[in-house]
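Here is what each chain is made of, one letter per residue.
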Amino acid sequence: MSRTVTVGLDGSLESRAAAEWAAREAKLRDLPLKLVHVWQPVPEPIAQAPLLGAETQRHWSERIPREVAEGLRLRHPGVDVAMEHISGGPADALAKASKDAELLVLGSRGLSGIGGFLVGSVGMSVIAHTDTPVVLVRSGEQAADEHEKDPAGIPSAATAYRPVVLGLDTDHPDDAVIAFAFEEAARRGTVLKVVHGWILPPYYVSSLPAAPEVGVELGRQDAAALAKVLSPWRQKYPDVGVVEESRLGSPANHVIDASREASLVVVGRRIRRSPIGAHIGPITHAVLHHATAPVAVVAHD
C-alpha cells in the first residue's frame, strides 16, 4: 500500500469539497494527495458527434483534474498533489484505486433543507467493497465547519477543532475502528467523544415503569462496559481527552445527534466477502445518510 490520501474527482461540487477536505487531511497526515478521475469510454455513435465525442470528453477529463490540482496546490502549500486518470466504471475503478491508498475520500450531495448526506450508488458500492477507510464529505463542507466558532460566534478555521465522534459497539469493539478514531483526534488536538447507544432488553420493557431502578442499573452496567473497553486506549493515547456517552436509545440516532458538533464521525463496517450487494449495516447506513459532519467508515473483520 502506498501512503497517500486518495480522492475521487468528477468535477461536481461534492467532489471538489471532498478534494479540499482530503488536502487538509493529507497535510495533517504529512502524506501526498492523489486525485483520481474516472472516465468511461464514449460509445462509438456519440464519439462521432463533434461536440459530444471522444476528443471533447478527453479534453474535460484532463482539464477538470488539472484545474482542481492547481487550485489545491495554491490553497494548501506543502501538500504534494498528483493526478491519475482511470478508465472504467466509477465504482469498480475507485474501489481498485483505494487498495493503493491509506485513505479514500469521496463526495456526497447534501440533502436539501436538512443536514446530512445523499450517498449515491457509487459511494455505497465503494464503501461496501473496499477494506480501506473511506471518508464521505458532503457538498458545501468548509474548513470552518470542523472548528469551534471564534469568541464573536463567527465560523473560523483558526480556532480549535470540534470533537471527533466515535460510534462504538461495546459488544464487538474492533481495534482498527477505535485506533482510527484516536489517531484522528490526536492529529486534530481535540477531544474524542465516544458514543454508545443501548437498547432495553424486551423482557425489561414492561417492568421498567414499576421498577425504574432496573433501567438505572442497566445504564450503569453499560457505562461500565464502555469504560472497560476504552481503558487501555486512554493509556495508549494519554494526550487525547475522552468523553464517554452511554445512552439509552437508538445507537444511530445518538451518533447522528453528536455529529452536529463534530469535526469528524467514525463508524465501523464489518467486512463481508460476498460479492453481491452493499453490506454496510443499518447503523452505519443511517449515519452515512444523516450525519452533518464528514463520516469515516472503517472496515473490520
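This text follows the structure it describes.
Keep in mind it's a predicted model, so treat the numbers as computed, not measured. (Residues numbered from 1 in each chain as written. Predicted model: local features only at pLDDT ≥ 70, side-chain atom pairs only at ≥ 80, totals over all residues. Heavy atoms only, no water.)

Describing unusual backbone geometry
Stated precisely, the cut-off is as follows: Each helix corresponds to a stretch of at least 4 residues labelled H or I by DSSP, and each strand to a stretch of at least 2 residues labelled E; elements are numbered beginning at the N terminus. The buried label applies to any residue whose accessible area, calculated with a 1.4 Å probe on protein chains only, is under 20% of its type's maximum; exposed applies above 50%, and partly exposed to all values in between.
Backbone geometry at aspartate 30 places phi at a positive 55 degrees, although glycine is not the residue there. Here aspartate 30 is to be found in the loop between α1 (13–29) and β2 (33–39). Take aspartate 30: its relative accessible area is 70%, and that puts it in the exposed class.

Considerations on the pairing of β2
Applicable threshold: For two strands to pair, DSSP has to find at least two bridges joining them. By definition, the crossover connecting two strands over a helix is right-handed if that path, from the first strand to the second, turns clockwise as seen with the strands pointing away from the viewer.
Among the 7 residues that make up β2, 5 are buried, leaving the element largely enclosed by the rest of the structure. For strand β1 (residues 5–9) and β2, the ladder comprises 5 bridges, and the chain directions are parallel. Bridging from a neighbouring strand, valine 7 pairs with leucine 35 of β2. Considered for its hand, the β-α-β crossover made up of β1, α1 and β2 is right-handed. Sheet topology note: the β2/strand β3 (residues 81–87) ladder contains 7 bridges and is parallel. Bridging across to β3, histidine 37 finds its partner in histidine 85.

Some points on the nonpolar core
Rules: Note on terminology: a nonpolar core comprises buried Ala, Val, Leu, Ile, Met, Phe, Trp, Tyr and Cys residues joined through side-chain atoms within 4.5 Å. Residue contacts are defined here by distance: any two heavy atoms, one from each residue, within 4.5 Å place the two residues in contact.
Counting 46 residues, the largest nonpolar core has Leu33, Leu35, Val105, Leu166, Phe182, Leu192 and Val266 as its most contacted members. Once residues lying within four places of it in the same chain are set aside, the contact partners of valine 105 are Val5, Thr6, Val7, Gly8, Ala18, Trp21, Ala22, Val135 and Val137. If you look at the next biggest cluster of nonpolar residues, it comprises 30 residues, including Leu106, Ala128, Val165 and Ala258.

Some thoughts on helix α9 (residues 251–259)
All of the buried residues along α9 are Ala252, His254, Val255, Ile256, Ala258 and Ser259. Lining the buried residues of α9 we find β7 (164–167), β8 (192–198), β9 (242–248), β10 (264–270) and α10 (282–290).

Some thoughts on the pattern of salt bridges
Definition in use: The salt bridge definition used is simple: a Lys or Arg side-chain nitrogen within 4 Å of an Asp or Glu carboxyl oxygen.
All chains considered together, the criterion is met by 16 salt bridges. Among the salt bridges present, the one from arginine 75 reaches glutamate 20, with a minimum N-O distance of 2.5 Å. Taken together, the positions of arginine 75 in helix α3 (residues 54–75) and glutamate 20 in helix α1 put the pair 55 residues apart, joining distant regions of the chain. Linking arginine 63 and glutamate 67 is a salt bridge whose minimum nitrogen-to-oxygen distance equals 2.7 Å. Here glutamate 67 and arginine 63 lie together in helix α3, a separation of 4 residues that amounts to about one turn. Classification of glutamate 67 by relative accessible area gives partly exposed; the value is 37%. A cluster of three or more residues bridged by salt bridges with shared partners is formed by Arg3, Glu25, Arg29, Glu102, Glu184, Arg187 and Arg188.

Points about the packing of aromatic side chains
Heads up, the condition is: Only the six-membered ring of Trp is used, alongside the rings of Phe and Tyr, when aromatic pairs are assigned; centres must lie within 6.5 Å, and planes under 30 degrees apart are stacked while those over 60 apart are edge-to-face, with the rest tilted.
Applying the stated criterion across every chain, the model contains 3 aromatic pairs. Between phenylalanine 182 and tryptophan 233, the ring centres sit 6.0 Å apart and the planes meet at 20 degrees, which makes this aromatic pair stacked. Remark: tryptophan 233 occurs in helix α8 (residues 212–236) and phenylalanine 182 occurs in helix α6 (residues 175–188); sequence separation between them is 51 residues. The class for tryptophan 233 is buried, based on a relative accessible area of 10%. Measuring from ring centre to ring centre gives 5.1 Å for phenylalanine 182 and tyrosine 237, while their planes differ by 25 degrees; the resulting arrangement is stacked. Linking phenylalanine 182 in helix α6 with tyrosine 237 in the loop between α8 and β9, this pair joins segments that are 55 residues apart in sequence. Just as phenylalanine 182 is buried, tyrosine 237 falls in that class too.

Overview of the packing of α9 against α10
Going by this rule: Every axis corresponds to a line fitted to the C-alpha atoms, with the helix fit spanning only the stretch in contact, and the corresponding angles, defined between N-to-C directions, vary from 0 to 180 degrees. Convention used here: angles under 35 degrees read as roughly parallel, angles over 145 as roughly antiparallel, angles from 65 to 115 as roughly perpendicular, and any remaining angle as oblique. Crossings are classed by handedness, with left-handed meaning an anticlockwise turn of the near helix from the far one by less than a right angle and right-handed meaning a clockwise turn. Three classes are used, and their members are as follows: Ala, Val, Leu, Ile, Met, Phe, Trp, Tyr, Cys and Pro are nonpolar, Asp, Glu, Lys and Arg are charged, and the others, Gly among them, are polar.
Two elements in contact, α9 and α10, have axes whose closest approach is 9 Å; the angle formed by their N-to-C orientations is 30 degrees. By the angle between their axes, α9 is roughly parallel relative to α10. Both α9 and α10 take part in a crossing whose hand is right-handed. The segment α9 lies against α10, with Pro251, Ala252, Val255 and Ile256 engaging Ile283, Ala286, Val287 and His290. Grouping the amino acids of the contact of α9 with α10 by side-chain chemistry returns 7 nonpolar, 1 polar and no charged.

Section: the environment of serine 156
Its place among the elements puts serine 156 in the loop between β6 (134–138) and β7. The exposure class of serine 156 is buried, given its relative accessible area of 17%. Spatially, the C-alpha atoms of serine 156 and glutamate 146 are 8.9 Å apart, while their sequence positions differ by 10 residues. Those residues within four positions of serine 156 in sequence are excluded, and the remaining contacts are Ala144, His147, Glu148 and Asp150.

Let's talk about the packing of helix α4 (residues 90–98) against helix α5 (residues 121–128)
Taken N-terminus to C-terminus, the directions of α4 and α5 make an angle of 35 degrees; their axes are 9 Å apart at the nearest point. Note that α4 runs across α5; the crossing there is right-handed. Along the contact surface, α4 presents Pro90, Ala91, Leu94 and Ala95, while α5 presents Val122, Ser125 and Val126.

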